[in-house]
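A look at the structure
Here is what each chain is made of, one letter per residue.
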Amino acid sequence: MSDFIQLVLTQLTVPPGDLIYYIVLVFVVASALQSAFNHWRASEFPQSRRAFIGLGILLCAQILMFLLSGLGWQELLDPKSVLPPLDRAFLAFGIVWVTWLYAFPEPNRLADAAATLLSMFIITALGLSLISWNQQIANPESATLSYNLTTDDLVWQVGSLLLTLLGMAVLFIRKPDGMWYGIILMLLCFAGHLGQLLIGLEGDYPGIVRLAYMAAFPILLTLPQRFSSIPGVEVAQPVKPTTRKQDLTGRPERRRYSTDPKTFHALLAVAAENNSTKMSQAITRAIAQTMLADLCFMIYLTDENKQMVIAGGYDLIREESLDGGPLSKNAIPMLANSIQRGRPLRLPASSTSADIKGLADILGLSNPGHILYVPILTPDKETLGGILLLSPYSDRTWSAEDQAFLSNIATSLVPIIQRNQRVSRLEEENSLSKAQATDLERRIRELTSQLETARNEAEQNRPDDIASLRAAQEESQFIIEHLQNENAELRAGKNLTPNQAEQELNDTLLEVATLQNQLAEARMKLDELEKGHIATKNTEQAEVIASISQELRQPLSSIVGYTDLLLGESVGILGALQRKFVDRIKVSTERIRSLTDDMIQITTLATDLNELKPESVDLNSIIDNAMSYTSSQIREKNISIHLEVPKSPTSIHADREALQQILIHLLQNAGAATPFEGTIRLKVQTRSEDGMEYILIQVTDMGGGIAPEDLPRVFTRLYRADNVLIQGVGDTGVGLSIAKTLTEAQQGRIWVESNMGQGATFSVLLPISGEKLAEKQKRK
């Protein structure tokens, strides 16, 4: 090594020459930071903002190192014990963040997390290195030890080499814009660390590394310009008044917006269009003509702003309309965030941008070019959607002037879009009205058929009791014919406006509802007449079954009592196997007793339904009692119950005993269907339907689900006589039938939903106020 090079390297490692090294790095990073800030203000690109943040972190690190070095030069701190390890740590820190700046110009959470973790690892290694170095120099024999010749320095140099290799690999894999600038910078840093390892000059600071970094860091000045030097980019100039089609420099004025007649015709098409799809295509055509944009798309938010769809688009180059389609949030993260928040966005055509790649895949383009998105906001700042401009053919970048111009266009589109949305809703309501009219005809035919059947059955059973119903039937028949005539007129069309058609249809549906109530009452009276004959025949049989069931209770109670006595070990100690057998005897006996109770309840159910007494019931106490009643069955299979109930006490106006029985049967069925060590979920919540408040009780098991063809028979009494085994149902065929009868007796609904391979959910919906049940009891 020549004396001159040796002198230069020495000057870079000893004060005050080492301050020159830090001043150069600070000046270079500060210049790059200023350039990034100016580019960010001019373009508002998120890449420029990210470059500004990364360069700010590097500048803070270099300033801190410059200050510490100056304090060491003035002997305000011990430079020997602190600065050498700190210098190596800041070199490694710089490699990490330079890689982050070049390889990840767009927001990337994984890259941000990796850079942060590596920085924390370097800080941890710095702490360990400081401890090791101070222990070494504490020894008087090693007081003059050179840090460049220590194992600590070897570890730092090898680590820095690995970080530079990793940075070059990441840059080569991702291939971002300006990739080769980053690779050249990394190669210079790599050469410096490799030279320090091979030559190994004495001293506390690596002069070769510092020289390499002074040569490499000026390349950072290219970082902010990566997205402004794309071919075809033109910087927007302020608009200045002139009387000629020339700017103040005498050059022809650049044509940014169209005055072509096609634009005027496109705007006329927007005003005349009512169809939403065609209107979106007309709007995008007009905007593409006006803005001279290669591609223009209209984006709408649907499903309470959770889903995004392209309503339509226009290709200015090919002069053809484009169809719409859905947009995936994951494919366009930055654009999706701007759409949902109602914020504008400008993105350059970056090779590493997830949004650019996502749009290319969605639209079938190799490169969608530069992006400009402007939201369509109502005066109340509500987002209706947005306008997306792309430049895949002309490679035109979008300036702040373009964004402001497009924002003005978007504001003027608000009343047009709102009008079209109202028309679309009206068309949907009109289509629904037509569908309801068709359904109304079908229901009228069914009601007529049911009424005729009921009349025939009643005449066969009790002709003398039908006379009182004939007047109601004839009146109902007259109303049906009247509704048919009105419906025919409605379908034929009477030049009605959509609002008039909707009003007439609502009046018709109201009359049909009244008719249904009258027919339902007539049907109930006929059913009562039929049951009057059958009830007399079945009363004696029911009394016999109830009597036998009552007699069975006594021996069953004795068996349960003796098993409790054995389990209590008051008559002797039981072995583990004996206790297991006695437990099974008890569970089986309690199951028989439960079935006996079901038998008694089935035989007396008709009488009990007439004696329902609605009252205010605390639902939490009902749940506690039901869980206590089924605890033995649950404990036998080691099943856990997951409760989801409101925190505040929930009250319902219902029959206490009936509600208790419903919940017990549902829990017993879930316990029987759920496998060993499974889970049962009991969920209670309130629900509003048709202006009334309801309580929804849901019991979910893990029984594997019920086949779709078996679902209609789940609540049918004695269904197991036809099919011995039904997968996913643990009930014997009686309990669920009782639960259904008791639920419907209280004007509620019960149903089952099943997912094959998972389980079934039994749901009970009961009115909270109990007004329907009270009215039913009053009619009886």
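Residues numbered from 1 in each chain as written. Predicted model: local features only at pLDDT ≥ 70, side-chain atom pairs only at ≥ 80, totals over all residues. Heavy atoms only, no water.

Further remarks concern the overall build of the protein chain. The number of helices and strands found in the protein chain is 22 helices and 14 strands. Considering only contacts in the protein chain between residues 6 or more positions apart, those separated by 24 or more positions represent 70%. Approximately 41200 Å² of the protein chain is accessible, and the part contributed by carbon and sulfur atoms is 57%. (Helix = DSSP H or I, 4+ residues; strand = E, 2+ residues; numbered from the N terminus. Contact = heavy atoms within 4.5 Å. Areas by Shrake-Rupley, 256 points an atom, 1.4 Å probe, with all protein chains shown as cover.)

Now for the environment of Pro-555. Following the sequence through the fold, Pro-555 ends up in helix 15 (residues 498–567). For the pair formed by Pro-555 and Arg-593, sequence separation is 38 residues and the distance between their alpha carbons is 9.8 Å.

In this structure, Thr-150 sits in the loop between helix 5 (109–138) and helix 6 (151–174). Those residues in contact with Thr-150 that lie beyond four places of it in its chain are Trp-133, Gln-136 and Leu-145.

Here we come to the sheet that holds strand 12 (residues 692–700). With mixed pairing, 5 strands are arranged side by side in an open sheet as 9-11-12-14-13. Edge strands, defined here as strands with exactly one partner in the open sheet, are strand 9 (640–644) and strand 13 (749–755). With strand direction ignored, the average angle separating the axes of adjacent strands in the sheet is 20°. Helix-sheet contacts for helix 21 (residues 735–745) involve strand 13 and strand 14 (759–767), and the interaxial angle to strand 13 is about 135°. (Pairing = 2+ DSSP bridges. Axes fitted to C-alpha atoms, helices over the stretch in contact; angles between N-to-C directions.)

Under the criterion given, the structure shown has 12 salt bridges. The partner of Arg-50 in a salt bridge is Asp-112, and the shortest N-O contact between them spans 2.5 Å. Placement of the pair is Arg-50 in helix 3 (residues 46–73) and Asp-112 in helix 5, with a sequence separation of 62 residues. Assessed through its relative accessible area of 10%, Arg-50 is described here as buried. (Salt bridge = Lys/Arg side-chain N within 4 Å of Asp/Glu carboxyl O. Buried < 20%, exposed > 50% of the residue type's maximum accessible area, 1.4 Å probe, protein only.)

Glancing now at the packing of aromatic side chains. Summed over the entire model, instances satisfying the criterion amount to 9 aromatic pairs. Both rings, one in Phe-37 and one in Phe-52, keep their centres 5.5 Å apart while their planes meet at 45°; by these two values the pair is tilted. With a gap of 15 residues between them, Phe-37 in helix 2 (residues 17–43) and Phe-52 in helix 3 connect regions that are remote in the sequence. The partly exposed category is assigned to Phe-37, whose relative accessible area is 28%. (Phe/Tyr/Trp six-rings, centres within 6.5 Å; stacked < 30°, edge-to-face > 60°.)

Another aspect to go through is a nonpolar patch on the surface. Together, Leu-154, Val-158, Leu-162, Leu-165, Leu-194, Leu-197, Leu-198 and Ile-199 make up a nonpolar patch on the protein surface, roughly 700 Å² of accessible area in all. Residue assignment for the nonpolar patch shows that the elements contributing at least two residues are helix 6 and helix 7 (179–199). Within the secondary structure, Leu-162 is located in helix 6. (Patch = residues over 30% accessible without salt bridge, like charges linked within 9 Å, V, L, I, M, F, W, Y side chains within 5 Å.)

Moving on: the environment of Gly-54. Here Gly-54 shows up in helix 3. Judged by relative accessible area, which is 0%, Gly-54 ranks as buried. With 48 residues separating them along the chain, Gly-54 and Tyr-102 place their C-alpha atoms 9.9 Å apart. Excluding residues that lie within four positions of it along the chain, Gly-54 makes contacts with Trp-100 and Leu-101.

The next subject is the pairing of strand 14. Burial of strand 14 is extensive: 9 of the 9 residues sit out of reach of the surface. With burial as the criterion, each face of strand 14 is covered, one bearing Gly-759, Thr-761, Ser-763, Leu-765 and Pro-767 and the other bearing Ala-760, Phe-762, Val-764 and Leu-766. Sheet analysis places strand 12 next to strand 14, joined by 7 bridges and oriented antiparallel. Across the sheet, Tyr-694 pairs through a bridge with Pro-767, a residue of strand 14.

Pairing of strand 9 with strand 11 (residues 679–689) involves 5 bridges; the strand directions are parallel. Across the sheet, His-642 pairs through a bridge with Arg-681, a residue of strand 11. As paired strands, strand 11 and strand 12 are joined by 9 bridges and run antiparallel to one another. For Thr-686, the partnering residue across the bridge sits in strand 12 and is Ile-695. Connecting strand 11 to the antiparallel partner strand 12 that follows it, the hairpin turn spans 2 residues, and Asp-690 within it adopts a positive phi of roughly 55°.

Another aspect to go through is the confidence of the model for the protein chain. In the predicted model, the protein chain carries a mean pLDDT of 76, and 71% of its residues have values of at least 70. For the stretch residues 229–255, pLDDT sits under 50, and the model shows 25 contacts to residues farther than four places along the chain or on other chains. Long-range and interchain partners of residues 462–469, a stretch whose pLDDT sits below 50, account for 10 contacts in this model, where long-range means more than four residues apart. (pLDDT = per-residue confidence, 0-100.)

Here the focus is the packing of helix 20 (residues 656–673) against helix 21. With their axes 9 Å apart at the nearest point, helix 20 and helix 21 run at an angle of 150° to one another. Judged by the twist between their axes, the crossing of helix 20 over helix 21 is left-handed. Counted together, Ala-658, Gln-661, Ile-662, His-665, Leu-666 and Asn-669 of helix 20 and Gly-735, Leu-736, Ile-738, Ala-739, Leu-742 and Thr-743 of helix 21 form the full contact between these two elements. Residue composition of the contact of helix 20 with helix 21, by class: 7 nonpolar, 5 polar and no charged. (Left-handed = near helix turned anticlockwise from the far one by under 90°. Nonpolar A, V, L, I, M, F, W, Y, C, P; charged D, E, K, R; others polar.)

As a further point, take unusual backbone geometry. A positive phi is found at Leu-292, a non-glycine position, where the angle reads about 55°. Tracing the backbone through its elements, the reader meets Leu-292 in the loop between helix 10 (276–291) and strand 1 (295–302). Residue classification places Leu-292 among the partly exposed residues on the basis of a relative accessible area of 22%.

For soluble globular proteins, nonpolar side chains are generally found buried alongside one another. If you look at the biggest cluster of nonpolar residues, it comprises 57 residues, and the most contacted ones within it are Leu-55, Leu-58, Tyr-102, Leu-185, Tyr-213 and Leu-220. Residue assignment for this core shows that the elements contributing at least two residues are helix 2, helix 3, helix 4 (79–103), helix 5, helix 6, helix 7 and helix 8 (207–216). Top contributing element to this core by residue count: helix 4, with 15 residues. With residues near it in sequence (within four places) discarded, Leu-58 still touches Val-29, Gly-94, Trp-97, Val-98, Leu-101 and Leu-220. Membership of the second largest hydrophobic core comes to 40 residues, among which are Ile-622, Val-734, Val-764 and Leu-766. (Core = buried A, V, L, I, M, F, W, Y, C linked by side-chain atoms within 4.5 Å.)

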